[in-house]
Amino acid sequence: YGRVNSLLVARNDRLVVEEYFNGWTAGAAHTLQSVTKSIASLAAGLAIDRGALRLTDPVTTWFSDYQPIAAFDANKQMLTVRDLLTMRTGLDWTEQQYAGSPLERINNCSCDWIRFMLDWRMREPPGARFEYVSGGVILLGAVVGRATGAGVDLWLDANLFAPLGVQGARWERGLPDGLPHTGG
């Protein structure tokens, strides 16, 4: 089955099997890759629940310090938190890994991920169709950080991880401000 590191089986609300392989332990930090997108959506949900953020908030209004935004048009102006959460951004994006692809460019840039995503061109109006966009979830993390005033990582530590007893979360970070990579 490839690189299986652990197996946990719960039955009737009880853990019945817990095994680790290849040197892994219960306490070892493990990369979550795109599962992190679900953690980012939990961060947004908590911010919405606590009144710091709304699904209808236009994304660009959280980034007045990034004006002017390249390729700013009516579509980009309509982009909302809901569009980021549902991956219906309208961005001209592909997750295919090829030289020069949007995903390859954001993953390999030593740049400001917020600026990268805000300036990225639109293909169509937000909400038109689903398109898996890791960069949109990075931007969602930035919105949550701005809305809560805590940074998405600190917000998650205080409002999700600590109550669950999760410790030692580590993040890949962007430049120049250390924005957590909530896309993977």
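Whatever comes next refers back to the structure up there.
These figures come from a predicted structure and were not determined experimentally.

Draft legend 1. Up close: the state of the cysteines. The tally for this structure, following the rule as stated, stands at one disulfide. One disulfide bridge connects cysteine 109 with cysteine 111, the sulfur atoms lying 2.0 Å from each other. On the sign convention where negative means left-handed, the S-S torsion of about -60 degrees between cysteine 109 and cysteine 111 marks this disulfide as left-handed.

Draft legend 2. Here's a closer look at the packing of aromatic side chains. Here the structure, examined in full by the defined rule, presents four aromatic pairs. Relative to tyrosine 66, the ring of phenylalanine 63 has its centre 6.0 Å away and its plane inclined at 85 degrees; by these criteria the two rings are edge-to-face. Of the two residues examined, phenylalanine 63 and tyrosine 66, each falls in the buried class. Plain terms: the ring middles of tryptophan 93 and tryptophan 120 are 5.5 Å apart, the flat faces sit at 70 degrees to each other, and that makes the pair edge-to-face. In this pair, tryptophan 93 sits in the loop between helix H3 (81–86) and helix H4 (102–108) while tryptophan 120 sits in the loop between helix H5 (113–119) and helix H6 (134–148), placing the two residues 27 residues apart along the sequence. Residues tryptophan 93 and tryptophan 120 agree in their burial class; the two are buried. Through pairs of rings, three or more aromatic residues link up here, namely Trp93, Phe116 and Trp120. Here the basic side chain of arginine 121 rests over the ring of tryptophan 120, its NZ or CZ set 4.8 Å away from the ring centre.

Draft legend 3. Just the nonpolar core, in detail. Counting residues in hydrophobic clusters, the biggest one holds 39 residues, and the most contacted among them are Phe63 and Val144. Listed by contribution, the elements that provide at least two residues to this core are helix H1 (36–49), H3, H4, H5, H6 and helix H7 (152–164).

Draft legend 4. Structural detail: the side chain of threonine 89. One can find threonine 89 in the loop between H3 and H4. At 3.1 Å, the side chain of threonine 89 forms a polar contact with the backbone nitrogen of leucine 91.

Draft legend 5. The environment of glycine 174, seen in detail. Within the element layout of this structure, glycine 174 appears in the segment after H7. Discounting chain neighbours no more than four positions away, the residues touching glycine 174 are Trp113 and Leu179.

Draft legend 6. Highlighting a nonpolar patch on the surface. Together, Val4, Leu7, Val9, Val16 and Phe21 make up a nonpolar patch on the protein surface, roughly 340 Å² of accessible area in all. Tracing the backbone through its elements, the reader meets phenylalanine 21 in the loop between strand S2 (14–20) and H1. You can call phenylalanine 21 partly exposed: its relative accessible area is 30%.

Parameters and conventions
- Residues numbered from 1 in each chain as written.
- Predicted model: local features only at pLDDT ≥ 70, side-chain atom pairs only at ≥ 80, totals over all residues.
- Heavy atoms only, no water.
- Disulfide = S-S within 2.5 Å.
- Phe/Tyr/Trp six-rings, centres within 6.5 Å; stacked < 30°, edge-to-face > 60°.
- Buried < 20%, exposed > 50% of the residue type's maximum accessible area, 1.4 Å probe, protein only.
- Helix = DSSP H or I, 4+ residues; strand = E, 2+ residues; numbered from the N terminus.
- Lys NZ or Arg CZ within 6 Å of the ring centre and 35° of its normal.
- Core = buried A, V, L, I, M, F, W, Y, C linked by side-chain atoms within 4.5 Å.
- Polar contact = N/O pair within 3.5 Å; in protein donor to acceptor, adjacent residues only side chain to side chain.
- Contact = heavy atoms within 4.5 Å.
- Patch = residues over 30% accessible without salt bridge, like charges linked within 9 Å, V, L, I, M, F, W, Y side chains within 5 Å.
- Areas by Shrake-Rupley, 256 points an atom, 1.4 Å probe, with all protein chains shown as cover.
- Salt bridge = Lys/Arg side-chain N within 4 Å of Asp/Glu carboxyl O.

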